[in-house]
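Results of the structural survey
Single-letter residue listing:
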Amino acid sequence: MAKVLLLNGSPRADGCTATALDEMIRVFDSEGIETELIHIGNKDIRGCLSCGYCFKNGKCAVDDLVNEVAPRFQAADGLVVGSPVYYASPNGTILAFLDRLFYSTSFSKQMKVGAAVVSCRRGGNTASFDVLNKYFTISGMPVASSTYWNQVHGHSADDVKKDLEGLQTLRNLARNMSFMIRAFADAKAKYGLPLVEHDAFTSFPDGK
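Calculation rules
Residues numbered from 1 in each chain as written. Predicted model: local features only at pLDDT ≥ 70, side-chain atom pairs only at ≥ 80, totals over all residues. Heavy atoms only, no water. Disulfide = S-S within 2.5 Å. Buried < 20%, exposed > 50% of the residue type's maximum accessible area, 1.4 Å probe, protein only. Core = buried A, V, L, I, M, F, W, Y, C linked by side-chain atoms within 4.5 Å. Helix = DSSP H or I, 4+ residues; strand = E, 2+ residues; numbered from the N terminus. Contact = heavy atoms within 4.5 Å. Axes fitted to C-alpha atoms, helices over the stretch in contact; angles between N-to-C directions. Parallel < 35°, antiparallel > 145°, perpendicular 65-115°, else oblique. Nonpolar A, V, L, I, M, F, W, Y, C, P; charged D, E, K, R; others polar. Phe/Tyr/Trp six-rings, centres within 6.5 Å; stacked < 30°, edge-to-face > 60°.

The next subject is the state of the cysteines. Where two cysteines share a covalent bond between their sulfur atoms, that bond is called a disulfide. This structure, assessed with the given rule, holds zero disulfides. Just so you know, Cys16 is unpaired, no disulfide at all, and the nearest cysteine sulfur is the one on Cys120, 9.2 Å from it. Owing to a relative accessible area of 13%, Cys16 belongs among the buried residues under this scheme. Sulfur of Cys54: no disulfide; nearest cysteine sulfur belongs to Cys51 and is 6.6 Å away.

Attention now moves to the nonpolar core. One finds Leu7, Leu79, Phe97 and Leu98 to be the most contacted residues of the largest nonpolar core, which totals 28 residues. Of all elements in the fold, only β1 (3–8), α3 (65–75), β3 (78–86), α4 (92–104), β5 (113–120) and α5 (125–137) reach the threshold of two or more residues within this core. Counting residues per element, this core draws most heavily on α4, at seven residues. For Phe97, the contacting residues outside a window of four places in its chain are Leu7, Ile40, Ile45, Leu65, Val66 and Val69. Membership of the second largest hydrophobic core comes to 24 residues, among which are Val4, Val113, Ala115 and Ile181.

So, about the packing of α4 against α5. Put simply, α4 and α5 touch, their axes get as near as 11 Å, and they point 10 degrees apart. One way to sum up the angle between α4 and α5 is to call them roughly parallel. Residues Leu95, Leu98, Asp99 and Phe102 of α4 form the contact with α5, whose own contacting residues are Val131, Leu132, Tyr135 and Phe136. Here the residues of the contact of α4 with α5 are counted per class, giving seven nonpolar, no polar and one charged.

With that settled, the discussion passes to the packing of aromatic side chains. Applying the stated criterion across every chain, the model contains five aromatic pairs. Taken together, a centroid distance of 5.5 Å and an interplanar angle of 70 degrees make the contact between Phe55 and Tyr103 edge-to-face. With Phe55 in helix α2 (residues 53–57) and Tyr103 in helix α4, this residue pair connects regions lying 48 residues apart in the sequence. A residue is classified by how much of its surface remains accessible, and Phe55, at 60% relative accessible area, is exposed. Looking at Tyr103, the relative accessible area reads 49%, which means it is partly exposed. Ring centres 5.5 Å apart and planes at 45 degrees place the aromatic pair Phe102 and Tyr135 in the tilted group. Here Phe102, found in helix α4, pairs with Tyr135, found in helix α5; they are 33 residues apart in sequence, far enough to count as distant. Of the residues examined, Phe102 reaches a relative accessible area of 11% and is grouped as buried. What makes Tyr135 buried here is its relative accessible area of 12%. An aromatic cluster of three or more residues is present, and its members are Phe73, Phe102, Phe107 and Tyr135.

Okay, structure coming up:
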(Lines give C-alpha, C1' and ligand atoms only; values in the text may rest on other atoms or scores of the structure.)
Protein backbone atom coordinates (compact mmCIF):
# COMPACT_ATOMS: atom_id res chain seq x y z
CA MET A 1 0.00 0.00 0.00
CA ALA A 2 1.24 3.50 -0.86
CA LYS A 3 2.08 5.72 2.10
CA VAL A 4 2.25 9.45 2.80
CA LEU A 5 4.23 10.86 5.71
CA LEU A 6 2.85 14.10 7.17
CA LEU A 7 4.90 16.42 9.40
CA ASN A 8 3.19 18.92 11.69
CA GLY A 9 5.60 21.81 12.29
CA SER A 10 3.30 23.61 14.71
CA PRO A 11 3.91 23.52 18.47
CA ARG A 12 0.20 22.77 18.88
CA ALA A 13 -0.96 19.22 18.21
CA ASP A 14 -4.56 20.29 17.59
CA GLY A 15 -4.17 23.80 16.17
CA CYS A 16 -4.60 25.35 12.74
CA THR A 17 -1.90 23.32 10.98
CA ALA A 18 -3.18 20.06 12.46
CA THR A 19 -6.69 20.90 11.28
CA ALA A 20 -5.39 21.41 7.74
CA LEU A 21 -3.44 18.15 7.77
CA ASP A 22 -6.41 16.24 9.19
CA GLU A 23 -8.47 17.38 6.20
CA MET A 24 -5.91 15.77 3.91
CA ILE A 25 -5.68 12.60 5.98
CA ARG A 26 -9.41 11.99 5.59
CA VAL A 27 -9.03 12.11 1.81
CA PHE A 28 -5.95 9.87 1.83
CA ASP A 29 -7.91 7.34 3.89
CA SER A 30 -10.76 7.38 1.35
CA GLU A 31 -8.22 6.91 -1.46
CA GLY A 32 -6.64 3.89 0.21
CA ILE A 33 -3.38 5.71 0.94
CA GLU A 34 -1.74 4.88 4.27
CA THR A 35 -0.73 7.91 6.36
CA GLU A 36 1.51 8.62 9.32
CA LEU A 37 1.41 11.98 11.10
CA ILE A 38 4.47 13.04 13.10
CA HIS A 39 4.38 16.03 15.42
CA ILE A 40 7.60 18.01 15.00
CA GLY A 41 6.83 21.52 16.22
CA ASN A 42 6.81 20.71 19.93
CA LYS A 43 10.19 18.94 19.89
CA ASP A 44 13.63 20.28 20.80
CA ILE A 45 15.28 20.23 17.36
CA ARG A 46 18.56 22.02 16.80
CA GLY A 47 19.98 23.14 13.47
CA CYS A 48 22.71 21.51 11.36
CA LEU A 49 26.21 21.50 12.88
CA SER A 50 27.92 21.32 9.46
CA CYS A 51 30.20 18.66 10.96
CA GLY A 52 30.20 16.18 8.06
CA TYR A 53 29.29 13.25 10.31
CA CYS A 54 26.39 12.22 8.06
CA PHE A 55 28.69 11.79 5.03
CA LYS A 56 30.70 9.13 6.85
CA ASN A 57 28.00 7.49 8.94
CA GLY A 58 24.79 7.83 6.94
CA LYS A 59 22.89 9.62 9.68
CA CYS A 60 22.97 12.88 11.61
CA ALA A 61 25.41 13.33 14.49
CA VAL A 62 22.57 14.67 16.63
CA ASP A 63 20.68 11.48 17.40
CA ASP A 64 17.14 12.75 17.81
CA LEU A 65 13.82 12.64 15.95
CA VAL A 66 15.56 13.40 12.64
CA ASN A 67 17.26 9.99 12.65
CA GLU A 68 14.04 8.31 13.77
CA VAL A 69 12.03 9.81 10.92
CA ALA A 70 14.64 9.24 8.20
CA PRO A 71 13.82 5.56 7.50
CA ARG A 72 10.10 6.35 7.52
CA PHE A 73 10.72 9.08 4.96
CA GLN A 74 12.72 6.65 2.87
CA ALA A 75 9.85 4.15 2.88
CA ALA A 76 7.17 6.73 2.09
CA ASP A 77 5.84 7.55 -1.36
CA GLY A 78 4.92 11.12 -0.46
CA LEU A 79 5.72 13.81 2.09
CA VAL A 80 3.46 16.60 3.33
CA VAL A 81 5.08 19.33 5.43
CA GLY A 82 2.75 21.58 7.38
CA SER A 83 3.79 24.73 9.19
CA PRO A 84 2.33 27.84 10.76
CA VAL A 85 3.66 31.20 9.61
CA TYR A 86 6.12 32.95 11.93
CA TYR A 87 7.32 36.35 10.68
CA ALA A 88 6.41 35.46 7.07
CA SER A 89 8.41 32.22 7.29
CA PRO A 90 7.83 28.64 8.45
CA ASN A 91 8.34 27.70 12.09
CA GLY A 92 12.06 27.60 12.94
CA THR A 93 11.72 24.13 14.43
CA ILE A 94 10.41 22.57 11.22
CA LEU A 95 13.09 24.35 9.19
CA ALA A 96 15.86 23.01 11.44
CA PHE A 97 14.30 19.55 11.18
CA LEU A 98 14.02 19.63 7.39
CA ASP A 99 17.54 21.03 6.92
CA ARG A 100 18.99 18.09 8.80
CA LEU A 101 16.57 15.47 7.45
CA PHE A 102 17.24 16.27 3.81
CA TYR A 103 20.97 16.93 4.21
CA SER A 104 21.85 13.89 6.34
CA THR A 105 19.99 11.29 4.27
CA SER A 106 21.71 9.87 1.21
CA PHE A 107 18.82 7.75 -0.10
CA SER A 108 17.16 8.85 -3.33
CA LYS A 109 14.08 11.02 -2.95
CA GLN A 110 13.46 11.02 -6.70
CA MET A 111 9.76 10.90 -7.61
CA LYS A 112 8.52 10.95 -4.02
CA VAL A 113 5.62 13.40 -4.16
CA GLY A 114 5.98 16.49 -1.98
CA ALA A 115 3.49 19.06 -0.78
CA ALA A 116 3.73 22.02 1.57
CA VAL A 117 0.79 23.24 3.67
CA VAL A 118 0.86 26.54 5.54
CA SER A 119 -1.48 28.30 7.93
CA CYS A 120 -1.61 31.85 9.20
CA ARG A 121 -4.02 34.42 10.55
CA ARG A 122 -3.57 36.88 7.66
CA GLY A 123 -0.25 37.30 5.81
CA GLY A 124 3.00 35.48 5.08
CA ASN A 125 1.49 32.30 3.67
CA THR A 126 2.91 32.43 0.16
CA ALA A 127 6.42 33.32 1.38
CA SER A 128 6.37 30.36 3.78
CA PHE A 129 4.92 28.12 1.06
CA ASP A 130 7.83 29.02 -1.22
CA VAL A 131 10.44 28.20 1.43
CA LEU A 132 9.05 24.73 2.10
CA ASN A 133 8.73 23.81 -1.57
CA LYS A 134 12.47 24.33 -2.07
CA TYR A 135 13.24 21.18 -0.09
CA PHE A 136 11.31 19.18 -2.68
CA THR A 137 12.58 20.87 -5.80
CA ILE A 138 16.25 20.37 -4.90
CA SER A 139 15.63 16.67 -4.23
CA GLY A 140 13.96 15.43 -7.42
CA MET A 141 10.56 15.36 -5.73
CA PRO A 142 7.58 16.36 -7.89
CA VAL A 143 5.51 19.02 -6.13
CA ALA A 144 1.77 18.39 -5.92
CA SER A 145 -0.47 21.34 -6.73
CA SER A 146 -4.10 22.11 -6.08
CA THR A 147 -6.79 24.62 -7.04
CA TYR A 148 -5.16 27.40 -5.00
CA TRP A 149 -1.99 27.74 -2.94
CA ASN A 150 -2.02 25.16 -0.17
CA GLN A 151 -2.97 27.46 2.68
CA VAL A 152 -5.58 27.99 5.33
CA HIS A 153 -6.40 31.10 7.33
CA GLY A 154 -7.46 31.46 10.93
CA HIS A 155 -6.35 32.34 14.44
CA SER A 156 -7.68 29.06 15.82
CA ALA A 157 -8.67 25.59 14.68
CA ASP A 158 -12.31 26.66 14.71
CA ASP A 159 -11.44 29.56 12.40
CA VAL A 160 -9.72 27.20 9.97
CA LYS A 161 -12.85 25.04 9.83
CA LYS A 162 -14.68 28.12 8.53
CA ASP A 163 -12.13 28.59 5.72
CA LEU A 164 -14.13 26.49 3.29
CA GLU A 165 -12.03 27.34 0.26
CA GLY A 166 -8.81 26.55 2.12
CA LEU A 167 -10.11 23.15 3.21
CA GLN A 168 -11.37 22.48 -0.30
CA THR A 169 -7.90 23.28 -1.63
CA LEU A 170 -6.37 20.73 0.74
CA ARG A 171 -8.85 18.02 -0.23
CA ASN A 172 -8.04 18.60 -3.90
CA LEU A 173 -4.34 18.54 -3.02
CA ALA A 174 -4.68 15.15 -1.32
CA ARG A 175 -6.55 13.74 -4.32
CA ASN A 176 -3.87 15.04 -6.68
CA MET A 177 -1.12 13.56 -4.51
CA SER A 178 -2.90 10.19 -4.46
CA PHE A 179 -3.17 10.23 -8.24
CA MET A 180 0.47 11.25 -8.71
CA ILE A 181 1.74 8.55 -6.35
CA ARG A 182 -0.17 5.86 -8.23
CA ALA A 183 0.81 7.25 -11.64
CA PHE A 184 4.50 7.41 -10.75
CA ALA A 185 4.41 3.86 -9.38
CA ASP A 186 2.90 2.63 -12.65
CA ALA A 187 5.41 4.59 -14.74
CA LYS A 188 8.33 3.36 -12.64
CA ALA A 189 7.26 -0.24 -13.18
CA LYS A 190 6.87 0.32 -16.93
CA TYR A 191 9.75 2.66 -17.75
CA GLY A 192 12.02 2.83 -14.71
CA LEU A 193 13.11 6.09 -13.12
CA PRO A 194 14.71 8.93 -15.14
CA LEU A 195 18.49 9.03 -15.33
CA VAL A 196 20.00 11.45 -12.82
CA GLU A 197 23.41 12.99 -13.53
CA HIS A 198 25.71 13.94 -10.65
CA ASP A 199 29.11 14.55 -12.27
CA ALA A 200 29.10 18.33 -12.61
CA PHE A 201 29.69 20.47 -9.52
CA THR A 202 30.17 24.15 -10.28
CA SER A 203 32.53 25.95 -7.93
CA PHE A 204 34.80 28.96 -8.31
CA PRO A 205 37.58 28.57 -5.73
CA ASP A 206 39.82 31.06 -7.55
CA GLY A 207 37.15 33.72 -7.71
CA LYS A 208 36.87 33.46 -11.50
